[in-house]
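Listed below, chain by chain, are the residues.
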Protein chains: 2
Amino acid sequence: MNNESQIRTLIENWAKAVNNKDIESILAHHSADIVMYDLPEPLQSVGIAAYRKTWDLFFEWNKDLGSFKVQDLHITADEHVAFCFSVMKCQGRDKKGEVEELDFRLTVGLKKINSQWKVTHEHHSIPANDPA
Amino acid sequence: MNNESQIRTLIENWAKAVNNKDIESILAHHSADIVMYDLPEPLQSVGIAAYRKTWDLFFEWNKDLGSFKVQDLHITADEHVAFCFSVMKCQGRDKKGEVEELDFRLTVGLKKINSQWKVTHEHHSIPANDPA
């Protein structure tokens, strides 16, 4: 597999792991020093332990639903550095238990370490309606 | 200059151009097919014309202030592909004209084309308080 295919597979497997709520597989290809800019607060989460914690909040909202979807992945890869981005879809339940859908944006930065691609940066967000 | 220094200079000059409200210099190292995930809506802006337009909204809020600041830039660069990210600060004026400060997150994806680094992806965001 070339670098682009390797990264596509990594991201697809990661999204599958999110849908399976399989935290060990979510973390399987992430580096110890990952910097996460998550959709909810805080502003940033530094390191794999903080990254792991960000998923608690997601699963709390996502509940029984498994609908974390990569819509259109764009990959730019060299031999040792790559980034990719995609518009995403996911679902959760509001306080009444009703299903709500969320469109968001994902950017991922990767580095090849010992011949293996590792995620060193993730950025998830929705547009702010009124930043002020 | 090595790749990392080239990218640091590119980002510093871009931030300087934002502070100078110099739109031509803001666009100087951006590719025609850039995909922008901006802080306010829309979900995505595709292509350089759409990217240029995203700055209108920023300058409308930023007004006379020039305070677009890169706080702590992390760069990962190979020969032809790179990404970088930083926590950022900027200022604008609310409807009463009072200065307000905004902390946000920036991720940038770059590709070397004809020996020149070009920005092909940008992601700006603030955390959502309540994505639901």
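Structure report, in brief. Just so you know, these numbers come straight off a predicted model, no measurement behind them.

1. What about the overall build of chain A?
Counting its secondary structure elements, chain A contains three helices and seven strands. Across the 132 residues in chain A, those meeting the buried criterion constitute 33%.

2. Some details on the interface of chain A and chain B
Counting from both sides, the interface comprises 39 residues of chain A and, opposite them, 39 residues of chain B. Elements that contribute at least two residues to the side of chain A that touches chain B include exactly β1 (30-37), β4 (74-77), β5 (81-93), β6 (99-113) and β7 (116-125) of chain A. Looking at the side of chain A that touches chain B, the element that brings in the most residues is β6(A), giving seven residues. Of the residues in the side of chain A that touches chain B, the class split is 19 nonpolar, 11 polar and nine charged.

3. Some thoughts on the relation of the copies chain A and chain B
Mapping chain A onto chain B calls for a rotation angle of 180° and an axial translation of 0.0 Å; the resulting RMSD is 0.0 Å. The symmetry that links the two subunits is that of a two-fold axis. Looking at chain A, 100% of its interface residues are interface residues in chain B too, so the copies touch through the same face.

4. As for the nonpolar core
The biggest cluster of nonpolar side chains holds 56 residues, and the ones touching the most others in it are Ile7(A), Ala82(A), Ile7(B) and Ala82(B). In contact with Ile7(A), not counting residues within four places along its chain, are Ile75(A), Ala77(A), Ala82(A), Cys84(A), Leu110(A) and Trp117(A).

5. Quick look at unusual backbone geometry
Residue Glu41(A) is joined to Pro42(A) through a cis peptide bond whose omega torsion reads 10°. Structurally, the position occupied by Pro42(A) is in the loop between β1 and β2 (45-46). Positive phi outside glycine occurs at Lys21(A), with the angle close to 50°. Inspection of the secondary structure puts Lys21(A) in the loop between α1 (3-19) and α2 (23-27). The phi dihedral of Ser115(B) is positive, around 65°, even though this residue is not glycine.

6. Some details on the environment of Leu73(A)
Residues and elements named next belong to chain A. Residue position: Leu73 is located in the loop between β3 (69-70) and β4. On a C-alpha basis, the gap between Leu73 and Trp14 in space is 13 Å, while along the polypeptide they are 59 residues apart. Beyond its immediate sequence surroundings of up to four residues, Leu73 is in contact with Arg8, Ile11, Cys84 and Ser86.

7. Re α1(A)
Turn by turn, an α-helix covers 3.6 residues, leaving residues three or four places apart pointing in a common direction. Residues and elements named next belong to chain A. With 17 residues, α1 extends 24 Å between its outermost C-alpha atoms, agreeing within 8% with the 24 Å of an ideal straight helix rising 1.5 Å per residue. For α1, the full list of buried residues reads Ile7, Leu10, Ile11, Trp14 and Val18. One side of α1 holds all its buried residues, which, seen down the axis, span an arc of 90°. With respect to the buried face of α1, the exposed residues turned more than 90 degrees away are Ser5 and Glu12. Against the buried residues of α1 lie α2, β3, β4, β5, β6 and β7. With its phi angle positive at about 50°, Lys21 sits one or two positions after the end of α1.

8. Description of the pairing of strand β7 (residues 116-125) of chain B
Residue and element names in this part refer to chain B. In terms of burial, β7 is a largely internal element, eight of the 10 residues being buried. Bridge count for strand β1 (residues 30-37) against β7 is four bridges, and the pairing is parallel. Within β7, the position partnered with Tyr37 by the bridge is His123. As paired strands, strand β6 (residues 99-113) and β7 are joined by nine bridges and run antiparallel to one another. Its bridge partner being in β7, Lys111 is matched across the sheet by Lys118. Here β6 folds back onto β7, and the loop between the two strands holds two residues, one of which, Asn114, carries a positive phi near 50°.

Parameters and conventions
Residues numbered from 1 in each chain as written. Chains lettered and ligands numbered in written order. Predicted model: local features only at pLDDT ≥ 70, side-chain atom pairs only at ≥ 80, totals over all residues. Helix = DSSP H or I, 4+ residues; strand = E, 2+ residues; numbered from the N terminus. Buried ≥ 20, exposed ≤ 12 C-beta atoms within 10 Å, placed from the backbone. Contact = placed C-beta atoms within 7 Å. Nonpolar A, V, L, I, M, F, W, Y, C, P; charged D, E, K, R; others polar. Least-squares fit on C-alpha atoms with pLDDT ≥ 70 in both. Core = buried A, V, L, I, M, F, W, Y, C linked by C-beta atoms within 7 Å. Expected span 1.5 Å × (residues − 1). Arc of directions from axis to C-beta. Pairing = 2+ DSSP bridges.

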